[in-house]
Amino acid sequence: MSGGAPAGTAPAGAAPARPATFREVFAVREFRPLFGSYLLSTIGDELARVALTVLVYQRTSSALLSAITFGISYLPWLVGGPLLSTLADRFPRHRVLIATDVARTLLVAGMAIPGTPLPVLLGLLLVVALCAPPFEAARSALMADVLDGDRYAVATSLTNVGSQVAQVAGFLLAGGLVAVLQPSVVLLLDAATFAVSALWLWSRLQRRPAPDADPGDGGPRSIWRDAGTGLRLIGRTPRLRAIIALTWVGTLFANAAEGIATPLVDQLREGAPQVGLLLAANPLGVTLGGLVLARTVTQPRRERLVPALVVLSLLPILLAGLVAGWAGPGRGAYVLVVVLMFVAGLGAAWVIPLNVAFVQAVPQAYRGRAFGVAVSGLYGVQGLGVLAAGLAAEGLSPGVVVALVGGVGLVAVVPPLLCFRRTQGHVAAEVPTAGPSGA
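These numbers come from a predicted model, not from an experiment.

Rules of the game
Residues numbered from 1 in each chain as written. Predicted model: local features only at pLDDT ≥ 70, side-chain atom pairs only at ≥ 80, totals over all residues. Heavy atoms only, no water. Patch = residues over 30% accessible without salt bridge, like charges linked within 9 Å, V, L, I, M, F, W, Y side chains within 5 Å. Areas by Shrake-Rupley, 256 points an atom, 1.4 Å probe, with all protein chains shown as cover. Salt bridge = Lys/Arg side-chain N within 4 Å of Asp/Glu carboxyl O. Helix = DSSP H or I, 4+ residues; strand = E, 2+ residues; numbered from the N terminus. Buried < 20%, exposed > 50% of the residue type's maximum accessible area, 1.4 Å probe, protein only. Axes fitted to C-alpha atoms, helices over the stretch in contact; angles between N-to-C directions. Left-handed = near helix turned anticlockwise from the far one by under 90°. Contact = heavy atoms within 4.5 Å. Nonpolar A, V, L, I, M, F, W, Y, C, P; charged D, E, K, R; others polar.

## Observations concerning a nonpolar patch on the surface
Next up, step 1: Where nonpolar side chains cluster on the molecular surface, the patch consists of Val 311, Leu 315, Leu 319, Leu 322 and Trp 326 and spans about 450 Å² of accessible area.
Next up, step 2: Mapped onto the elements of the fold, Trp 326 is located in helix α15 (residues 299–326).

As structure tokens, then:
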């Protein structure tokens, strides 16, 4: 609870001598449905995106509408993520998970009805997407409730790896299914993934009460007030500000180059298949680096490694841009760029110790809204980074833009890195007390 040690921290004097094992994580009864249902929901999301994109394009022959359909699921995080995520702190978290999955089951099944008007279809898709922020906030907060110490760090790594694998599997599965089935049938399969997820969570999760209300809050709570409380918590806690700033700035520059992968490959005189390989190099590095870091290094050492890992996630991007810009086209240059992007992904495993540090600094009753703010910002900076790289590539060569992304990123991360190092050891968050009515 908010007055005690936050979940995710080891008891005083009981710091683990070694990292947790995967077996120890999966031995936690409630982790298995949280992990498995998240993979199911992720696969279902990709099935829906591909099926709806194909369906809309079949009806309209409009590439723009097809692209809007693909991207509409990200809109709720940018617009209402912090607000909707407060539901994970207002209600029992297991109920939030089950309710959002049941809602998505019914909504996606409705989208599968043949002949549904396009505006209704897109409206239903938007409502489905609105279920994502409370679901993800509740899942992230509940993960920290059921896993303590280093098991949480290993579970975070497994979840990150599983998410990337599930996305790839979902896209591949959707492409194959859409080729042999009608998009409406694929949507029904998507609805089934959410139904199975809801049933799994209902049967396996422990019934916990809602998190504690805000300390000292004697007035009625509103969703707007809860969102404001979450923002004030982050604003008044130097440790949280440092973690979020480093996460957002590091992610902004680490992922920006993805937006110009196609022109970069074209500059190197390679073909379309090589674009996919280039895009896969960084996530593959993140996957392997995260597994190694979580399995072989304890959390205190991970935090000490964060500055070096952040540099490792950006320096290879600078070098990749230099190779593409000055080595000239050729298979050797392309292979070197792919290798450098893979190494940058290994460095990007810094997200794991930051995730754990974030949990340790947030009181249990505030985790849902705090995660909502952090994740919403991540979606925003990733979009801004890709957009900025694309705009820059209109006037500069892709190699030069990639080099600038890496070089500017190395400079930009210095202030948040210094703040992160300065606030290490500040575990307890400053819980904001309720102000006057309407504050």
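## Considerations on the pattern of salt bridges
Any two side chains of opposite charge can pair, given that their charged atoms come close.
Next up, step 1: Across all of its chains, the model carries six salt bridges by this definition.
Next up, step 2: Arg 208 serves as the salt-bridge partner of Glu 30, at 2.8 Å between the closest nitrogen and oxygen. Placement of the pair is Glu 30 in the loop between α1 (22–26) and α2 (31–60) and Arg 208 in the loop between α10 (183–204) and α11 (223–235), with a sequence separation of 178 residues.
Next up, step 3: With relative accessibility at 22%, the residue Arg 208 sits in the partly exposed group.
Next up, step 4: Of the charged contacts, one joins Arg 139 and Glu 136 as a salt bridge, the two residues approaching to 2.5 Å between their closest N and O atoms. Of this pair, Arg 139 and Glu 136 both sit in helix α8 (residues 132–146), separated by three residues, roughly a single helical turn. Both residues of the pair, Arg 139 and Glu 136, count as buried.
Next up, step 5: Among the charged side chains, a network of salt bridges with common partners joins Asp 89, Arg 93 and Asp 145.

## Considering the packing of helix α17 (residues 351–361) against helix α18 (residues 367–392)
Next up, step 1: Packing of α17 against α18 leaves a shortest axis separation of 10 Å and a crossing angle of 140°. The way α17 lies across α18 gives a crossing that is right-handed. The residues of α18 that touch α17, namely those facing Asn 355, Phe 358 and Val 359, are Arg 367, Ala 370, Phe 371 and Ala 374.
Next up, step 2: In terms of residue class, the contact of α17 with α18 is made up of five nonpolar, one polar and one charged.

Shape is all these values report; function is a separate question.
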